[in-house]
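Report on the structure
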Amino acid sequence: GTGIGVYAALLKAKGHGLIFPGTKASYNSLIEATSAPMIARMMEWLAGKQGSREGDKVSGEAFNAVNGEVTRWRCVWPHLARHLGMEPVPPPEDGSPAATVKELVGGDENA
């Protein structure tokens, strides 16, 4: 979320649309996202486990929580761009990666 927000702000400040920052293959690939309510439920569940019986503790374990719904960036990107007041820009058709932020907005190499 934050990374996309910063990326969008930089592009918008330079008058660009919201350029998808990957390849055509990644734009069309299946993705999973986790909603804020799902993350909140997982955090509550984990917090409750930390103080419970020894056998129920989850210390040192990794967890992955997703809603189970899949989509593609090509379906999400236009909605995201419009929500941010920008035009959506898909990746190059030839399969090459999109231009980098430095190429799009400039910047000091030493910054």
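Residues numbered from 1 in each chain as written. Predicted model: local features only at pLDDT ≥ 70, side-chain atom pairs only at ≥ 80, totals over all residues. Heavy atoms only, no water.

1. Focus on helix H1 (residues 2-13)
Helical geometry note: an α-helix holds 3.6 residues per turn, so side chains three or four residues apart project in the same direction. The end-to-end C-alpha distance of H1, which contains 12 residues, comes to 16 Å, matching closely the 16 Å that a straight helix rising 1.5 Å per residue would cover. Those residues of H1 that sit buried are Tyr-7, Ala-8 and Leu-11. The arc that holds every buried residue of H1, seen down its axis, measures 100°, which confines them to one face. Of the residues in H1, the exposed ones pointing more than 90 degrees away from the buried face are Thr-2 and Ala-13. In this structure, the buried residues of H1 make contact with strand S1 (18-19), helix H4 (73-83) and helix H5 (101-105). Taken from the residues just after H1, Gly-15 is the one with a positive phi, measuring 85°. (Helix = DSSP H or I, 4+ residues; strand = E, 2+ residues; numbered from the N terminus. Expected span 1.5 Å × (residues − 1). Buried < 20%, exposed > 50% of the residue type's maximum accessible area, 1.4 Å probe, protein only. Arc of directions from axis to C-beta. Contact = heavy atoms within 4.5 Å.)

2. With respect to H4
Turning to H4, its buried residues are Trp-77, Pro-78 and Ala-81. Down the axis of H4, the buried set is contained in an arc of 95°. They therefore lie on one face. Away from its buried face, by an angle of more than 90 degrees, H4 presents the exposed residues His-79 and His-83. Check the buried side of H4 and you find it contacts H1, S1, helix H2 (24-28) and strand S4 (88-89). Where H4 ends, the next residue or the one after it, Gly-85, has phi of about 75°, a positive value.

The quantities given are spatial measurements derived from coordinates; they are silent on function.
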